[in-house]
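Structural features, examined
Residues per chain, in single letters:
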Amino acid sequence: MSNKEKIQVVSSFDVYKTEQDLSNEDRLLLMQARKSLESAYAPYSHFNVGAAILLENGETVIGNNQENAAYPSSLCAERVAIYYAGAKYPGVKIKSIAVTVKAQSQVINEPVTPCGACRQAIAEYETRYEQKIRIIMAGETGKIFISESIESLLPLMFNKKHLK
Ligand code: THU
């Protein structure tokens, strides 16, 4: 008899072949994320990331990566967008965030996925508003992944429930 047990964490994502296969709402949000690539400031990585957030009140906010000569002072697209949403529409729930990429030196043909810090920031807003946030992830071309919640990208997350 063993004195340990194993738990298994299962993450699932919907995978769409092309942008045309998405719902209108998701496709429009992804288009806004793509548009926001133009105002990314990425002179060091040459890796533009664009994000767009759809709120419950129908408004959208965008974000893109903003880099700094002191590299760690940079901020990713997803956090620029989600903090902008929190600043501009406090108390308004977030439905979805779309994120995409355009790099200077290569065509990214697989979905860009949020970094760990951005996952944590998205998790904060899920717990803040007690509503799952859908995450739409796309490359410049290729398949699109959709996660129904940050839970799939950040299993066993730390959140405010641990501070009680
Ligand atoms: N970046 C994002 O904006 N979001 C991500 O999900 C991954 C990485 C940015 C940070 C940096 O400006 C550049 O992409 C290269 O890492």
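Let me sum up the structure you'll find in this document. Each residue is numbered by its place in its chain's sequence as written, counting from 1. Reporting of local features is limited, given that this is a predicted model, to residues whose pLDDT is at least 70; pairs of side-chain atoms are given and counted only at 80 or more, and all residues count toward the totals for whole chains, interfaces and linings. The basis for every side-chain value is the complete set of non-hydrogen atoms in the structure, without hydrogens or water.

1. As for the pairing of strand β5 (residues 134-138)
Each residue is assigned to one of three classes by its accessible area relative to the maximum for its type, calculated with a 1.4 Å probe on protein chains only: buried under 20%, partly exposed between the two thresholds, exposed over 50%. Runs of E in the DSSP output that reach at least two residues are strands. Runs of H or I that reach at least four are helices, and both are numbered from the N terminus. Of all five residues that make up β5, five are buried, and the element is covered over most of its length. Strands qualify as paired when DSSP identifies two bridges or more between them. Pairing of strand β4 (residues 94-103) with β5, which is carried by four bridges, proceeds in the parallel orientation. Looking at the pairing, Ser 96 lines up with Arg 134 of β5. Linking β5 back to strand β6 (residues 144-147) in an antiparallel pair, the connection comprises five residues, with Gly 142 at a positive phi of about 90°.

2. As for the packing of aromatic side chains
Only rings of Phe, Tyr and Trp enter the pairing, Trp through its six-membered ring, and a pair is recorded when the two centres are within 6.5 Å. The plane angle decides the type: under 30 degrees is stacked, over 60 is edge-to-face, the rest tilted. Evaluation of the coordinates by the stated rule reveals four aromatic pairs. Ring geometry for Phe 13 and Phe 145: centres 6.4 Å apart, planes at 35°, overall tilted. Of this pair, Phe 13 sits in the segment before β1 (14-16) while Phe 145 is found in strand β6, placing the two residues 132 residues apart along the sequence. For Phe 145, a relative accessible area of 28% puts it in the partly exposed group. Centroid distance Tyr 83 to Tyr 125: 6.5 Å. Interplanar angle 55°. Geometry classified as tilted. Here Tyr 83 is found in helix α2 (residues 77-88), whereas its partner Tyr 125 is found in helix α3 (residues 116-129), with 42 residues between them in sequence. An aromatic cluster is present here, built from Tyr 83, Tyr 125 and Tyr 129 joined pairwise through their rings.

Nothing here speaks to function; it is geometry throughout.
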